[in-house]
Amino acid sequence: MLAWAGLAVAAGAALTAWQAGRREAAAMASHPPQGQILAVGSHRVHAVEMGRPKGSAPDLVLIHGSSGNTRDMTFRLAPALADDFRILIFDRPGLGYSSPLNGSGATIRQQADVLRQAAAQMGAVAPVVLGQSYGGAVALAWAVDHPQSVAALVSVAGVSHPWDTPLDLFYRVTSTRLGSALAVPAVTAYVSRATVMETLDAVFAPQAVPEGYASHFGIGLTLRRASLRANAKQRANLLDEVKSLAPHYDRISIPVEIIHGTADDTVSPDIHARQLERDVPTADLTLLEGIGHMPHHVATDEVAAAVHRAAARANLS
């Protein structure tokens, strides 16, 4: 009986791996890389360039949030800014088509350094840097650790300060060795579109998910096993990394624009945006009444205006 049980487990694991691989292949076929793959040391960084030609406008780097990829930024925000900026959009390490930095998920400071090098490789030595949600923490790490390589910073619903709510159960499971081995392949293989859409609805609430966003974004890219594992470890480590970074915000002297929705229940404006305004002498805060966690999609004009203000304050436009 033990032998039969072992065979059944092995067959189930093989079936799950086959189904996960099939879904991953379909996701990459339907949503291939939109840009170029840069070599930054031994790492691959997927970079999408949009907007004005190099040298004809200020450089702007867009950094996506948790579970994201470049397509989150190419949906509405980048097109809204393309007439006035040369825009560089990167997949963060381990997500989209960028390779992971290490098995621990890569810290926000490591990610900032890799993206800084990628931007410099493309000729953007001191761009305006915008980070959304988790990407906001990466942008802050960039400004703290490499102040000469960023002209201005824009935090959009950005993570900046420690919080006291527990890590979501999904990430508590998938960030462990056992969860990575067993739960992650099952999610890739079997999660339903309805479940994924429910998750998107929650991220965008109280606004609706914009029409066409899900198909443009490529949800299947996020659900690949490697991406789920990298994202889970990044999320599990984020609180400690923010605790380490936050005491250094008073060193930031570049213009900082903070834009945050008052109805954001994913990244609290009181914990993050208001405290960041307090801690950074050069920060200006814009609160968007009734807007949730995705203002770059549902209040795109307001976010674009914050980017223009940051560039103007840095004497770039």
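Residues numbered from 1 in each chain as written. Predicted model: local features only at pLDDT ≥ 70, side-chain atom pairs only at ≥ 80, totals over all residues. Heavy atoms only, no water.

A. The overall build of the protein chain, seen in detail. Looking only at helices and strands, the protein chain features 14 helices and eight strands. Taking 2.2 N^0.38 as the reference for a compact globule, 317 residues should give roughly 20 Å; the C-alpha atoms of the protein chain span a radius of gyration of 19 Å, in line with that estimate. The buried share of the protein chain, reckoned over its 317 residues, is 52%. Sequence-distant contacts in the protein chain: of pairs separated by 6 or more residues, those separated by 24 or more amount to 80%. Summing over all exposed atoms, the protein chain offers an accessible surface of approximately 13400 Å²; the carbon and sulfur share of this is 57%. Considering the protein chain, the positive charge centre built from 25 side chains and the negative charge centre built from 27 side chains are found 10 Å apart. (Helix = DSSP H or I, 4+ residues; strand = E, 2+ residues; numbered from the N terminus. Rg over C-alpha atoms; globule rule 2.2 N^0.38 Å. Buried < 20%, exposed > 50% of the residue type's maximum accessible area, 1.4 Å probe, protein only. Contact = heavy atoms within 4.5 Å. Areas by Shrake-Rupley, 256 points an atom, 1.4 Å probe, with all protein chains shown as cover. Lys, Arg positive; Asp, Glu negative; His and termini not counted. Charge placed at Lys NZ, Arg CZ, Asp CG, Glu CD.)

B. Summary view of helix 5 (residues 134–145). End to end, helix 5 covers 17 Å across twelve residues, agreeing with the expected 16 Å (1.5 Å per residue, within 8%). A large share of helix 5 lies buried, amounting to eleven of its twelve residues. Residues Y134, G135, G136, A137, V138, A139, L140, A141, W142, A143 and V144 constitute the buried set of helix 5. (Expected span 1.5 Å × (residues − 1).)

C. Seen up close, helix 11 (residues 225–245). Helix length check: helix 11, at 21 residues, gives a terminal C-alpha distance of 29 Å against a target of 30 Å (1.5 Å per residue), a fit within 8%. Remark: the principal bend of helix 11, roughly 45°, maps to L238. If you check which residues of helix 11 are buried, you get R225, S227, L228, A230, N231, A232, Q234, L238, E241, V242 and L245. (Bend = angle between axes of the 7 residues up to and from the residue.)

D. Just the pattern of salt bridges, in detail. Within the structure shown, the criterion is met by ten salt bridges. The salt bridge partner of R313 is E257, with a shortest N-O separation of 3.0 Å. With R313 in helix 14 (residues 300–313) and E257 in strand 7 (residues 256–261), this pair connects stretches of sequence that are 56 residues apart. R313 sits in the partly exposed class, given a relative accessible area of 31%. By relative accessible area, E257 is classed as buried at 2%. (Salt bridge = Lys/Arg side-chain N within 4 Å of Asp/Glu carboxyl O.)

E. Inspection of the nonpolar core at higher detail. Formed by 46 residues in total, the largest nonpolar core has its most connected members in F90, W142, Y249 and I252. For this core, the element with the most residues is helix 5, which contributes nine residues. With near-sequence residues (within four places) excluded, Y249 lies in contact with L140, V144, S160, H161, L276, D279 and V280. The next biggest cluster of nonpolar side chains, apart from the first, holds 26 residues, and it includes M73, F85, V128 and V154. (Core = buried A, V, L, I, M, F, W, Y, C linked by side-chain atoms within 4.5 Å.)

F. Spatial organisation of the pairing of strand 5 (residues 128–132). Of all five residues in strand 5, five are buried, a share of seventy percent or more. Residues of strand 5 alternate between two faces, with V128, L130 and Q132 on one and V129 and G131 on the opposite face, all of them buried. In this structure, strand 3 (residues 59–63) lies alongside strand 5, joined through four bridges in parallel fashion. Each bridged residue has a counterpart across the sheet, and for V61 the counterpart in strand 5 is V129. The pairing of strand 5 with strand 6 (residues 152–156) spans five bridges and is parallel. (Pairing = 2+ DSSP bridges.)

G. Structural context of the side chain of R224. Tracing the chain through its elements places R224 in the loop between helix 10 (219–222) and helix 11. One buried charged residue, R224, forms no salt bridge at all, with the nearest opposite charge on E24 at 6.3 Å. Setting aside its immediate chain neighbours within four residues, R224 contacts E24, M28, G96, Y97 and T188.

H. Highlighting the pairing of strand 6. With respect to burial, strand 6 is a largely interior element, five of its five residues being buried. Going residue by residue along strand 6, you find A152, V154 and V156 tucked away on one face and L153 and S155 tucked away on the opposite face as well. With respect to chirality, the unit in which strand 5 leads through helix 5 into the neighbouring parallel strand 6 is right-handed. (Right-handed = clockwise from strand over helix to strand, strands pointing away.)

I. A look at the environment of V173. As for its placement among the helices and strands, V173 is situated in helix 6 (residues 169–174). For V173, the contacting residues outside a window of four places in its chain are G179, S180 and A183.

So yeah, pure geometry; function would need other evidence.
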